[in-house]
Amino acid sequence: MRLRLVPEETHFDFMKFGPIGVAISGFFIVASIVVFFMMGLNFGIDFRGGSMITAATEEPADLSTYRSTLEALDIGDFTVTEISDPAGELTGAVPNQVTMRIEQADGDETIQQDVIAQVKGALTETFPGIVYLQTDSVGAKVSGELVQAGVLAVLLAIGAVLVYIWLRFEWQFSVGAVAALVHDVILTIGVFSLTQIEFNLSIIAAILTIVGYSLNDTVVVFDRVRENLRRFKQTPLAEVLNLSINETLSRTLMTSLTTLIALVALYVLGGEVIRGFSFAMIWGIVVGTYSSIFIASPILLKLDVKRDWSKPEDGGGAGTQFANIDA
Amino acid sequence: MAEIATWKKILIGLVCLGGIVLAAPNVFYATVEKANDARTDAANGAVLTPEEEQALAGWPSWAPSQVVNLGLDLRGGAHLLVEVAVEDVYADRLEGFWPEIRDGLRDVRDDVGTVRRVSLENGELRVRIGEEAGMPVALEKVRSLTQPVISLTGAGARDFAVTVDGDQLVVTLSEAEKIATDNRTMEQSLEIIRRRVDESGTREPTIQRQGEDRILIQVPGIGSAEELLALLGTTAKLDFHHVVGRAADGGANPGTGNVVYPSVDEPGVFYIVERRAVVSGEDLVDAQPAFDQNGRPAVSFRFNPSGGRAFGNYTAENIGNPFAIVLDEEVISAPVIQSHIPGGTGIITGNFDVEESTRLAILLRAGALPAELSVLEQRTVGPELGQDSIDAGRIACMVAFAAVLIFMVLSYGLFGLFANIALIINITLILALLSVIGATLTLPGIAGIVLTIGMAVDANVLVFERIREELRSAKRPGRAIELGYEKALSAIIDANITTLIAAVILFSLGSGPVRGFSVTLGLGIITSVFTAIYVTRVLIVLWLDTRKPKTVEI
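Conventions and cut-offs
- Residues numbered from 1 in each chain as written.
- Chains lettered and ligands numbered in written order.
- Predicted model: local features only at pLDDT ≥ 70, side-chain atom pairs only at ≥ 80, totals over all residues.
- Heavy atoms only, no water.
- UniProt positions renumbered as here; feature names shortened; annotations may be inferred.
- Helix = DSSP H or I, 4+ residues; strand = E, 2+ residues; numbered from the N terminus.
- Rg over C-alpha atoms; globule rule 2.2 N^0.38 Å.
- Buried < 20%, exposed > 50% of the residue type's maximum accessible area, 1.4 Å probe, protein only.
- Contact = heavy atoms within 4.5 Å.
- Areas by Shrake-Rupley, 256 points an atom, 1.4 Å probe, with all protein chains shown as cover.
- Lys, Arg positive; Asp, Glu negative; His and termini not counted.
- Charge placed at Lys NZ, Arg CZ, Asp CG, Glu CD.
- Phe/Tyr/Trp six-rings, centres within 6.5 Å; stacked < 30°, edge-to-face > 60°.
- Lys NZ or Arg CZ within 6 Å of the ring centre and 35° of its normal.
- Domains from an automatic or database assignment.
- Axes fitted to C-alpha atoms, helices over the stretch in contact; angles between N-to-C directions.
- Left-handed = near helix turned anticlockwise from the far one by under 90°.
- Nonpolar A, V, L, I, M, F, W, Y, C, P; charged D, E, K, R; others polar.
- pLDDT = per-residue confidence, 0-100.
- Buried area = accessible area lost by both parts, 1.4 Å probe.
- Salt bridge = Lys/Arg side-chain N within 4 Å of Asp/Glu carboxyl O.
- Core = buried A, V, L, I, M, F, W, Y, C linked by side-chain atoms within 4.5 Å.
- Parallel < 35°, antiparallel > 145°, perpendicular 65-115°, else oblique.
- Patch = residues over 30% accessible without salt bridge, like charges linked within 9 Å, V, L, I, M, F, W, Y side chains within 5 Å.
- Pairing = 2+ DSSP bridges.

For chain B, the name recorded in an unreviewed UniProt entry is Protein translocase subunit SecD, with Algicella marina as its organism. Entered under Subunit (unreviewed entry) in the UniProt record, the comment concerning chain B runs "Forms a complex with SecF. Part of the essential Sec protein translocation apparatus which comprises SecA, SecYEG and auxiliary proteins SecDF-YajC and YidC." What UniProt states about chain B under its Function (unreviewed entry) heading is, verbatim, "Part of the Sec protein translocase complex. Interacts with the SecYEG preprotein conducting channel. SecDF uses the proton motive force (PMF) to complete protein translocation after the ATP-dependent function of SecA."

Named according to an unreviewed UniProt entry, chain A is Protein-export membrane protein SecF originating from Algicella marina. Heading Subcellular location (unreviewed entry) of the UniProt record for chain A holds this comment: "Cell membrane". Heading Subunit (unreviewed entry) of the UniProt record for chain A holds this comment: "Forms a complex with SecD. Part of the essential Sec protein translocation apparatus which comprises SecA, SecYEG and auxiliary proteins SecDF-YajC and YidC."

Spelled out as structure tokens, the structure:
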């Protein structure tokens with residue numbers, strides 16, 4: 001007996017839900033922007049400068065002891081957080097971990113080497129058996145550049161795929177795909193503002209992968225649309241879109257599910273360091289799958305693809321001259 | 001479906017086989033790594049210890065021995081990004097030009113009158129001449145002293161730019177010379193950092209120039225960046241100066257030609273010394289940690305012949321006077337000269353412990369950094385966390401892998417099994433590629449592999465869903481499979497190229513974790529397209545050819 005996620009043939013009228021989908025997404029986009037401006041992102045030291053020390057002790061250590069030890073040093077703002085790793089038992093991670101984040105002093109371009117040395121010295125005195133698992137320190141000069149490079153990377157990636165889809169399909173497809181993409185990126189940033197999960201360099205990597213994945217999904221649907229446009233020349237566009245989404249639905253759900261399985265494994269078992277990253281990816285897969293059906297296609301419907309069939313069919317049909325790639 | 005040519009089948013088989021062979025050393029990671037270390041030592045002419053001999057025997061020399069290079073986040077180590085203050089050197093260049101200007105203008109004294117140095121600040125050397133009428137001659141003379149810059153871009157440029165401001169000559173470094181100086185400074189800094197790190201005996205450090213004025217240093221296996229910084233953070237410019245006197249505060253007026261330096265081990269004590277060094281660290285040829293006659297840690301040193309001669313002459317003339325040993329503008333010690341020291345060897349004492357004297361010896365042997373370093377970024381991963389990360393990543397990979405394998409078989413039966421074989425080959429190929437190109441595997445890189453596992457099945461899912469559709473329209477199995485591959489191809493190509501675009505942009509713009517992730521993602525896309533399209537197809541064709549099934553269930 002085979003596992004089937006969806007029946008062999010489905011006839012959902014996705015386009016009827018199009019306006020509702022766009023409305024819901026519109027609401028979430030506005031909500032994301034509002035949340036972003038109200039709460040902002042919890043930028044990690046990669047983007048803000050400062051230091052982060054992760055330490056572990058054999059015995060359970062009191063957070064307030066950490067705080068009072070650091071307070072005595074007079075090093076400016078800091079936060080102390082305990083890391084509880086539910087998968088720690090399974091993966092054998094060091095228990096009793098604590099992360100300390102120390103803010104960068106204003107106007108300091110280089111890292112605060114002496115502050116780290118002071119903190120480590122004082123902690124080693126308070127907790128003799130302490131182990132420093134990780135120390136990260138980023139100066140303001142570099143963190144500024146990292147922000148620029150991150151934003152540039154996301155914009156460039158979006159621009160590059162816009163051009164690629166334009167060449168391979170038609171500009172209407174390109175707009176639909178990029179709208180879905182921007183939608184996913186905005187919603188991801190919204191979720192990070194809302195949850196205040198630390199936003200660092202790996203999250204930028206995650207967002208770029210979401211860009212790739214969201215596109216992947218949209219392109220598979222569009223590819224089928226292009227094919228069906230060639231086959232059913234007289235059928236209204238809405239029906240062609242519905243047909244194409246239904247035909248690819250089984251594949252869409254299969255792939256999203258396998259990717260989600262892999263990511264959930266990473267989220268639960270992958271350790272603290274990549275938890276934020278896997279969370280962003282899981283969210284991105286869910287949103288990306290949704291947007292390729294409920295955002296990209298309705299926009300394509302709205303823009304109306306040019307269907308000029310005066311050219312012979314093997315001349316490329318709905319696509320441009322780049323459309324036929326044979327490997 | 002039988003159209004796959006035999007040579008293609010063989011080629012595909014060979015690629016898979018090659019991948020397995022090249023990935024194999026990673027299964028025996030520790031053994032191979034030890035054997036490689038021993039082999040490197042042997043190649044460098046070192047005498048092998050019994051353990052190393054054993055390690056060498058552990059992995060045959062004919063077998064492939066390249067393993068995946070693990071990143072600092074996986075094996076522990078320190079990462080430092082430093083900026084070199086390249087403009088520090090500009091003033092030295094101008095300072096060095098001054099005697100030439102003075103001597104040159106002396107030749108035309110009749111025209112220019114007296115020559116006086118006004119100032120050297122903000123990268124400008126100002127020289128006043130007595131006879132303003134002689135300015136054209138002076139300008140001509142100083143310009144003739146400048147040298148052409150030899151570089152690819154600065155053709156025709158001279159090293160110094162000379163302009164006139166009233167009765168003053170203003171000498172600055174030309175842009176072309178600044179660039180050339182920056183490059184020299186960077187190369188020298190890289191070389192000295194490399195020597196210092198190598199001398200401290202760590203393995204496989206990465207020392208790279210980044211951009212105009214930055215250097216990235218990554219040292220695996222080092223417990224803290226502080227250790228590394230202690231080695232790199234100092235300029236280690238050692239000079240021996242004539243002591244003029246002592247002062248109670250650093251603001252004291254030292255008089256012309258003198259400077260005030262603080263003492264390291266006597267708080268509140270300052271020495272007034274001659275600006276010009278008697279002998280400088282550049283004349284050192286060797287430095288070793290040692291002990292003085294009281295058994296306290298010290299550093300012994302040896303000068304080259306010219307340095308030794310200068311030192312010998314100076315000590316002969318100044319018996320009974322103190323001289324200052326100055327390291328990075330601080331007086332380490334100021335011993336009184338007891339007797340003439342010929343032969344160019346000596347010993348530096350100070351308040352050292354053994355560790356400090358060892359470090360100082362390393363610094364002196366490696367030479368002085370031409371300019372100061374400022375640390376922009378520091379990251380250290382302790383070895384404990386490195387091991388944890390590997391374990392967590394490994395478990396996550398295996399669970400993700402197993403889940404996807406089971407899911408595929410449940411959904412597609414025998415064809416799912418074919419896809420799974422392709423997936424295993426896919427991971428093998430990624431490991432083989434990482435080993436061969438020497439890319440570094442980081443924790444985000446493992447995330448990239450896990451993601452590839454999830455997405456690699458996508459191409460197969462696309463193909464299998466297509467085959468199902470074709471079978472529904474009552475086509476023969478062979479024909480349906482062929483059409484399935486054919487029709488899914490354009491979607492597979494488009495979908496993967498878009499992700500590849502993202503991976504390439506990540507790689508070119510990213511640093512650290514972003515880059516590590518993009519490497520495995522990009523490689524994963526390439527290998528997964530290969531395995532999903534070709535490997536599964538060969539497997540299916542072989543199955544069709546041997547079993548000749550009447551119907552296919554998928």
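**Q** Please clarify how the overall build of chain B should be interpreted in this entry.
**A** Each helix and strand in chain B was counted, giving 16 helices and 18 strands. Its C-alpha atoms give chain B a radius of gyration of 34 Å, more than 25% over the compact-globule value 24 Å for 554 residues. Referenced to the eigenvectors of the C-alpha coordinate spread, the extents of chain B come out at roughly 110 × 65 × 40 Å. Evaluated residue by residue, chain B yields a buried proportion of 51% over its 554 residues. In chain B, the proportion of contacts linking residues at least 24 apart, taken out of those at least 6 apart, comes to 68%. Only carbon and sulfur atoms are counted for the fraction: they give 56% of the accessible area of chain B, which is about 25300 Å². Distance between charge centres in chain B, computed from 47 positive and 68 negative side chains, equals 10 Å.

**Q** Please explain the packing of aromatic side chains as it appears in this structure.
**A** Each aromatic ring pair is characterised by the separation of its centres together with the angle its planes make. Taken as a whole, this structure holds 30 aromatic pairs over all chains when the rule is applied. Taking 5.5 Å as the distance between ring centres and 40° as the angle between the ring planes, the aromatic pair formed by F28(B) and W59(B) counts as tilted. Note that F28(B) is positioned in the loop between α1 (6-23) and α2 (29-43) and W59(B) in the loop between α3 (50-58) and β1 (69-70), a separation of 31 residues in sequence. We classify W59(B) as buried; its relative accessible area is 12%. With centroids separated by 5.8 Å and ring planes inclined at 75°, the aromatic side chains of F311(B) and F323(B) adopt a geometry described as edge-to-face. You can see F311(B) sitting in helix α10 (residues 305-317) and its partner F323(B) sitting in strand β14 (residues 323-327), a full twelve residues away along the chain. Here the two residues F311(B) and F323(B) agree in accessibility, since each one is buried. In this structure, K16(A) is placed above the aromatic ring of F17(A), and the distance from its NZ or CZ to the ring centre is 6.0 Å. Positioned above the aromatic ring of Y132(A) is the side chain of K120(A), whose terminal nitrogen or guanidinium carbon lies 5.0 Å from the ring centre.

**Q** In this structure, what is going on with the domain arrangement of chain A? I would like to understand it.
**A** A common way to state how big an interface is: give the accessible area lost once the parts meet. Under the domain assignment used here, chain A contains domain 1 (15-42 + 143-303) and domain 2 (50-138). With centres defined by C-alpha atoms, the gap from domain 1 of chain A to domain 2 of chain A works out at 37 Å.

**Q** Would you take a moment to explain the packing of helix α8 (residues 175-199) of chain B against helix α11 (residues 354-366) of chain B for this structure?
**A** A pair of packed helices is captured by two measures, namely the crossing angle of their axes and the spacing between those axes. All names here are of chain B. Contact geometry for α8 and α11: axes closest at 9 Å, N-to-C directions at 145°. Two packed elements cross with a definite hand, and for α8 against α11 that hand is right-handed. Each of I192, R195, R196 and E199 in α8 lies in contact with α11, whose residues at this interface are I362, L363, R365 and A366. Of the residues assigned to the contact of α8 with α11, the class counts are four nonpolar, no polar and four charged.

**Q** I tried to follow the confidence of the model for chain A on my own but got confused; where do I start?
**A** When pLDDT is low, close inspection of the predicted coordinates is not appropriate. Taken residue by residue, chain A gives an average pLDDT of 83. The fraction at 70 or more is 90%. Considering only residues more than four positions removed or in separate chains, one finds that residues 309-327 of chain A, a stretch of pLDDT under 50, has 31 contacts.

**Q** Sorry if this is basic, but what is going on with the interface of chain A and chain B here?
**A** Listed per partner, the contact involves 77 residues of chain A and 69 residues of chain B. Taking both sides of the interface into account, the surface hidden between chain A and chain B amounts to around 6500 Å²; carbon and sulfur atoms contribute 64%. For the pair chain A and chain B, the interface holds nine salt bridges. The residue E469(B) makes a salt bridge to R224(A) at a minimum N-O spacing of 3.0 Å.

**Q** Could you clarify how one ought to interpret the nonpolar core in this entry?
**A** In a soluble, globular protein the nonpolar side chains are often hidden away together inside. Ranked by size, the top nonpolar core spans 139 residues in total, and within it F173(A), M408(B), F415(B) and F464(B) carry the most contacts. Sort the elements by how many residues they give to this core and helix α8 (residues 201-231) of chain A lands first, with 17 residues. Aside from chain neighbours lying at most four places away, what touches F464(B) is M408(B), Y412(B), F415(B), G416(B), A419(B), I540(B) and I554(B). If you look at the next biggest cluster of nonpolar residues, it comprises 25 residues, including V84(B), I192(B), V219(B) and L229(B).

**Q** Hey, could you run me through the packing of helix α14 (residues 443-472) of chain B against helix α16 (residues 513-547) of chain B in this one?
**A** Residue and element names in this part refer to chain B. Packing of α14 against α16 leaves a shortest axis separation of 8 Å and a crossing angle of 30°. In terms of their interaxial angle, α14 and α16 are classed as roughly parallel. Judged by the sense of rotation from one axis to the other, the crossing of α14 with α16 is right-handed. Within the contact between the two elements, α14 uses P444, G445, A447, G448, I449, L451, T452, A456, A459, N460 and F464 and α16 uses P513, G516, F517, T520, L521, G524, S528, A532, T536 and I540.

**Q** Can you help me understand a negative patch on the surface in this one?
**A** All names here are of chain B. On the surface, a cluster of negative charge is contributed by E87, D88, D92, E329, E330 and E372. Structurally, the position occupied by E330 is in strand β15 (residues 330-333). Classification of E330 by relative accessible area gives partly exposed; the value is 38%.

**Q** Looking at this structure, how should I read the sheet that holds β14(B)?
**A** What holds strands together in a sheet is hydrogen bonding between their backbones, with the strands either parallel or antiparallel. Residue and element names in this part refer to chain B. Spatially, five strands are ordered β10-β11-β9-β14-β15 in an open sheet, and the strand pairing comes out antiparallel. One side of each edge strand has no neighbouring strand; the edge strands of this open sheet are β10 (258-262) and β15. Ignoring which end each strand starts from, the neighbouring axes of this sheet average 55° apart. Sheet topology places strand β9 (residues 238-247) next to β14; five bridges connect them, and they run antiparallel.

**Q** How do you make sense of the UniProt feature "domain: Protein export membrane protein SecD/SecF C-terminal" (unreviewed entry) in chain A when you look at a structure like this?
**A** Here, UniProt's "domain: Protein export membrane protein SecD/SecF C-terminal" (unreviewed entry) annotation points to residues 119-304 of chain A. Helix makes up 83% of residues 119-304 of chain A and strand 4%, whereas the separation of the span's terminal C-alpha atoms amounts to 63 Å.

**Q** Is there a simple way to think about the UniProt feature "domain: SecDF P1 head subdomain" (unreviewed entry) in chain B in this case?
**A** Sequence positions flagged by UniProt for "domain: SecDF P1 head subdomain" (unreviewed entry) are, in local numbering, residues 261-371 of chain B. Across residues 261-371 of chain B, helical content stands at 23% and strand content at 37%; the span's end C-alpha atoms are separated by 19 Å.

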